[in-house]
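Survey of secondary and tertiary structure
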Amino acid sequence: INDHHSQLEPFAGTELRLDGVPTRVELGGFARQAAVFRALEATTPHLLKLHAGDALTGSLYYTFFKGEADARLMDTVCFDAFIPGNHEFDDGDERLRDFLDALGRGPCPPPVLSANVVPAAGSPLAPAGRAPYLLPSVVRRIGGVDVGLVGLTVAGKTQASSRPRADTRFLPEAAAAQAAIDALKARGVRHIVLMTHIGYDADRALAAQLSDVDAIIGGDSHTLLGNFRTLGVPASGPYPTVATNRDGDPVCIGQAWEYSKAVGLMQVRFDGQGRVRSCGGQAALVIGEPFARRDAAGRWQ
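Conventions used here
Residue positions are given per chain, counting from 1 as you read along its sequence in written order. Local features are withheld for residues below a pLDDT of 70 in this predicted model, meaning they are given only at 70 or higher, and side-chain atom pairs are given and counted only at 80 or more; totals for whole chains, interfaces and linings count all residues. For the side-chain quantities, the full set of heavy atoms in the structure was used; hydrogens and water were omitted. Under this scheme, a helix contributes an axis fitted over its contacting stretch, all axes are lines through C-alpha atoms, and angles between N-to-C directions fall in the 0 to 180 degree range. The secondary structure listing takes helices from DSSP runs of H or I that are at least 4 residues long and strands from runs of E that are at least 2 residues long, numbered from the N terminus. Here a crossing is called left-handed whenever its near helix is offset anticlockwise from the far helix by less than a right angle, and right-handed whenever the offset is clockwise. Any two residues whose heavy atoms approach within 4.5 Å are treated as being in contact. Just so you know the grouping, Ala, Val, Leu, Ile, Met, Phe, Trp, Tyr, Cys and Pro go in nonpolar, Asp, Glu, Lys and Arg go in charged, and all remaining residues, Gly too, go in polar. What makes a salt bridge here is a side-chain nitrogen of Lys or Arg within 4 Å of a carboxyl oxygen of Asp or Glu, nothing more. Throughout, exposure labels follow a simple rule: accessible area from a 1.4 Å probe, protein chains only, divided by the maximum for the residue type, with under 20% read as buried, over 50% as exposed, and the rest as partly exposed.

**What about the packing of helix α3 (residues 68–75) against helix α4 (residues 92–104)?**
Where α3 meets α4, the closest approach of the two axes is 9 Å, and the angle between their N-to-C directions is 30°. Seen along the crossing, α3 lies across α4 with a hand that is right-handed. Taking contact as the criterion, the partners of Glu68, Asp70, Ala71, Arg72, Met74 and Asp75 in α3 are, on α4, Phe99, Ala102 and Leu103. Residues that form the contact of α3 with α4 fall into these classes: five nonpolar, no polar and four charged.

Here it is in structure tokens:
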């Protein structure tokens, strides 16, 4: 998922077309989304649960609780990794640190990844005498195979429209991503997932600049991918979108809309040399009761 923006409650009375009939449903809600993740865990082997940034800012849950409510609900999913988006810096590095501390107090704190954000030594995100809050990458062992996860935060937008500290450096995205990928490859990691918060169009452009990247799980542009025409919902491309990296190999790109409304499930298969053989999957809208349709008099029932 990506860009849930403190939207923790569902959107009531959202109109979709179900079996060709206009139908009002509840769309999204983080508790419902967590239930989807639990169901996937029970049925999907080798599952990585990823959040591609902008957990914060956008509702009164953030206004009043400054990330604490988001952290508690993110704890119910137990993400394998989280990356900060630009809005994580809206109230400065100190507030981001407090949010990450709240995540850290939960039962399953995720590693927080960003290869291109470099906090100054001794600052809130790189405190003296303890481990830094942000890592460039992490390795997860999935089904006996090492999978490298690399994080990337949009640089210019964060500096221009949010409030990071002046001494927090934002490196160019492509160069920082490639350096982190190369470091993983040097450790013998052959499968690389890049988690980005730079936007769908930028993800497609970035894929062509990088070597050895296999999949990109993105955020920032609030892009819905997949075919939802029968539901009356427009989308911006296929899920996953397949691009080509600098090596000429496929890159599987996914993004899952916004505001806890959707979950993306990407399936990536590899050949014996560790190259991507195929990309599959789908994004699904998260809907539930109550359902309503118009009666003969035109009233929603």
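**What to know about the pattern of salt bridges**
For the structure shown, the criterion picks out 19 salt bridges. One salt bridge connects Lys157 with Asp220, and the closest N-O pair in it is separated by 2.9 Å. In this pair, Lys157 sits in helix α5 (residues 155–161) while Asp220 sits in the loop between β10 (215–217) and β11 (241–244), placing the two residues 63 residues apart along the sequence. On the accessibility criterion, Lys157 (37% relative accessible area) is partly exposed. We classify Asp220 as buried; its relative accessible area is 11%. As a salt-bridge pair, Lys185 and Asp212 come within 3.8 Å of each other at their nearest N and O atoms. Of the two residues, Lys185 is situated in helix α6 (residues 173–186) and Asp212 in the loop between α7 (200–209) and β10; the sequence distance between them amounts to 27 residues. Judged by relative accessible area, which is 29%, Lys185 ranks as partly exposed. Taken together, the salt bridges that share partners define one network made up of Glu68, Arg72, Asp75 and Arg105.

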